[in-house]
Amino acid sequence: MTAPTDTRTDLRGFLHGLPGVDRVGAEARAATLASRSIKTTAKQWALDMAISMIDLTTLEGQDTPGKVRALCAKAKRPDPADPTAPMVAAVCVYPDLAHVAAAEVKGSGVHVASVATAFPSGRTSLEVKLADVKYAVSAGADEVDMVIDRGAFLAGDYQLVFDEIVAVKQACGDAHLKVILETGELVTLDNVRRASWLAMLAGADFIKTSTGKVSPAATLPVTLVMLEAVRDFRDSHGRQVGVKPAGGIRTAKDAIRYLVLVNETAGEDWLDPRWFRLGASSLLNDLLMQRTKMMTGRYSGPDYFTLD
């Protein structure tokens with residue numbers, strides 16, 4: 001579909017003109033892909049790819065500089081006993097700790113992502129949201145994870161949501177913008193598709209499922225709809241946008257299911273940390289345990305790796 005040329009008059013018509021999502025079909029397709037078995041060599045590749053796609057996250061009120069430094073050390077060297085284990089894509093922290101993360105990962109290639117715009121609720125003024133973003137970027141974040149105003153979206157005020165994303169994107173400067181849809185609050189897959197397109201039209205570099213603070217968080221059917229959206233958006237607009245499911249992805253088996261979903265829905269171009277991320281705090285240890293099992297033939301206990 002062609003994007004609206006005048007968003008103020010055409011945005012609603014465009015979003016409601018998108019094809020409806022067949023929920024039963026999406027759930028069946030996701031379940032079918034989730035049942036695919038992965039052979040040994042492919043599994044080894046998938047484990048390393050999943051590790052390299054992780055945004056290693058700590059977003060708790062009790063976060064400390066020491067905890068962030070430990071997280072950054074793990075991000076750079078996930079398995080201290082095995083230098084061949086890949087680094088993760090990014091560490092994700094609150095804005096006031098972004099400077100700590102930036103100092104710790106400097107020169108490593110690990111990105112610093114920071115949540116902003118009154119995460120996780122998004123319930124504050126645009127002025128405060130933009131100040132939050134500028135603070136995070138000035139502290140060293142090169143990726144910003146913003147939350148949309150779900151209340152405005154559900155009330156049909158698409159223009160407000162669009163304008164806020166545009167303003168936040170501008171405030172990001174050179175930092176990449178991930179737009180969190182909080183799909184668990186969007187009620188329907190049709191709304192997930194509309195919110196995905198809205199975010200991309202407004203300039204999102206990534207669309208992200210969840211804050212991790214609302215249940216349900218990431219699900220395969222929701223991510224399927226978002227992957228279809230980025231695929232179709234690139235076909236019609238020539239710009240590639242990334243996808244980040246976040247929240248509830250805890251095991252290597254879960255992560256591999258998402259990689260299969262990416263490959264079969266958006267295609268191989270998205271099988272890259274530049275275009276697909278996994279937002280997680282506890283996933284990394286299970287990936288490392290499975291990786292060690294494949295290399296040595298035996299499991300290491302969870303306490304073999306550093307605690308998250």
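Predicted, not measured: the structure shown is a model, and the values here were computed from it.

**Q** How do you make sense of helix 12 (residues 283–296) when you look at a structure like this?
**A** Since one α-helical turn is 3.6 residues long, residues separated by three or four positions face the same way. For helix 12, built from 14 residues, the straight-helix expectation of 20 Å at 1.5 Å per residue is met to within 8% by its first-to-last C-alpha distance of 20 Å. Within helix 12, 10 of the 14 residues are buried, which leaves it mostly tucked inside the rest of the structure. Every buried residue of helix 12 is listed here: Leu283, Leu284, Asn285, Asp286, Leu287, Leu288, Met289, Gln290, Arg291 and Thr292. Its buried side turned inward, helix 12 meets helix 3 (40–52), strand 1 (54–57), helix 4 (65–76), helix 11 (252–265) and strand 8 (278–280). One or two residues past the end of helix 12 sits Gly297, with phi positive at roughly 85 degrees.

**Q** How do you make sense of the nonpolar core when you look at a structure like this?
**A** In summary, soluble globular proteins display a tendency toward joint burial of nonpolar side chains. Within the largest apolar cluster, 98 residues are counted, with the highest numbers of intra-cluster contacts made by Ile165, Val179, Phe276 and Leu287. No other element matches the nine residues that helix 10 (residues 220–237) contributes to this core. Sequence-distant contacts of Leu287, defined by excluding residues within four places in its chain, comprise Leu47, Ala50, Ile51, Ile54, Ala252 and Ala255. Ranked by size, the runner-up nonpolar core spans seven residues in total, among them Leu59, Cys92, Val147 and Ile180.

**Q** Would you mind showing me how to read the environment of Val260 here?
**A** Its place among the elements puts Val260 in helix 11. The exposure class assigned to Val260 is buried, which follows from its relative accessible area of 11%. As for Val260 and Val91, which are separated by 169 residues in sequence, their C-alpha atoms are 24 Å apart. In this structure Val260 touches Leu33, Arg36 and Ile38, once residues within four positions along its chain are discounted.

**Q** Is there a simple way to explain the pattern of salt bridges in this structure?
**A** Any two side chains of opposite charge can pair, given that their charged atoms come close. Using the criterion set out here, one finds 24 salt bridges in the structure. Between Lys213 and Glu60 there is a salt bridge; the shortest N-O distance is 3.6 Å. Separated by 153 residues along the polypeptide, Lys213 in the loop between strand 6 (206–208) and helix 10 and Glu60 in the loop between strand 1 and helix 4 bring together distant segments of the chain. On the accessibility criterion, Glu60 (38% relative accessible area) is partly exposed. In this structure, a network of salt bridges that share partners links the residues Asp55, Glu143, Asp145, Lys178, Lys208, Lys244 and Arg277.

**Q** Looking at this model, I keep getting lost on the pairing of strand 1. Mind explaining?
**A** The side chains of a regular strand alternate, residue by residue, between the two faces of the sheet. Burial along strand 1 is two-sided: Ile54 and Leu56 facing one way and Asp55 and Thr57 facing the other are all buried. As judged from the three bridges shared by strand 1 and strand 2 (residues 90–93), these two strands associate in the parallel manner. Bridged to Asp55 within strand 2 is Ala90. In this fold, strand 1 hands off to helix 4, which returns the chain to strand 2; that crossover is right-handed.

**Q** Would you mind going over the sheet that holds strand 4 (residues 143–147) with me for this structure?
**A** Strand-to-strand pairing in sheets goes through backbone hydrogen bonds, with the strands running parallel or antiparallel. Ordered in space as 7-6-5-4-3-2-1-8, the eight strands form an open sheet in which the pairing is parallel. In the strand order of this sheet, the two ends are held by strand 7 (242–244) and strand 8, each with one partner. Geometrically, the sheet is characterised by an average inter-axis angle of 25 degrees between neighbouring strands, direction not taken into account. Bridge count for strand 1 against strand 8 is three bridges, and the pairing is parallel. Paired with Ile54 across the two strands is Leu278, which belongs to strand 8. Seen against the sheet, helix 5 (residues 98–105) touches strand 2 and strand 3 (111–115) and runs at an angle of roughly 170 degrees to strand 3.

**Q** Just checking my understanding: could you explain the pairing of strand 4 for this structure?
**A** Within strand 4, five of the five residues are buried, which leaves it mostly tucked inside the rest of the structure. In strand 4, alternate side chains face the same way, and those of Glu143, Asp145 and Val147 on one face and Val144 and Met146 on the other are all buried. Taken together, strand 3, helix 6 (residues 126–138) and strand 4 constitute a β-α-β crossover, and its handedness is right-handed. Pairing of strand 4 with strand 5 (residues 176–180) involves five bridges; the strand directions are parallel.

**Q** Looking at this model, I keep getting lost on the packing of helix 6 against helix 8 (residues 158–172). Mind explaining?
**A** For any two helices packed against each other, one specifies the crossing angle of their axes together with the interaxial distance. The interhelical angle for the contact between helix 6 and helix 8, taken along N-to-C directions, is 30 degrees, at an axis separation of 9 Å. When the axes of helix 6 and helix 8 are compared, the pair comes out roughly parallel. Pair helix 6 / helix 8 crosses with right-handed handedness. Of the residues in helix 8, those in contact with Leu126, Lys129, Leu130, Val133, Lys134 and Val137 of helix 6 are Glu164, Ala167, Val168, Ala171 and Cys172. A per-class count over the contact of helix 6 with helix 8 returns eight nonpolar, no polar and three charged.

**Q** Please clarify how the side chain of Asp63 should be interpreted in this entry.
**A** Mapping Asp63 onto the fold places it in the loop between strand 1 and helix 4. Of the polar contacts made by the side chain of Asp63, one reaches the side chain of Thr58; its length is 2.6 Å. Within the structure, Asp63 has its side chain in polar contact with the side chain of Lys67 (distance 3.3 Å).

How each quantity is defined
- Residues numbered from 1 in each chain as written.
- Predicted model: local features only at pLDDT ≥ 70, side-chain atom pairs only at ≥ 80, totals over all residues.
- Heavy atoms only, no water.
- Helix = DSSP H or I, 4+ residues; strand = E, 2+ residues; numbered from the N terminus.
- Expected span 1.5 Å × (residues − 1).
- Buried < 20%, exposed > 50% of the residue type's maximum accessible area, 1.4 Å probe, protein only.
- Contact = heavy atoms within 4.5 Å.
- Core = buried A, V, L, I, M, F, W, Y, C linked by side-chain atoms within 4.5 Å.
- Salt bridge = Lys/Arg side-chain N within 4 Å of Asp/Glu carboxyl O.
- Pairing = 2+ DSSP bridges.
- Right-handed = clockwise from strand over helix to strand, strands pointing away.
- Axes fitted to C-alpha atoms, helices over the stretch in contact; angles between N-to-C directions.
- Parallel < 35°, antiparallel > 145°, perpendicular 65-115°, else oblique.
- Left-handed = near helix turned anticlockwise from the far one by under 90°.
- Nonpolar A, V, L, I, M, F, W, Y, C, P; charged D, E, K, R; others polar.
- Polar contact = N/O pair within 3.5 Å; in protein donor to acceptor, adjacent residues only side chain to side chain.

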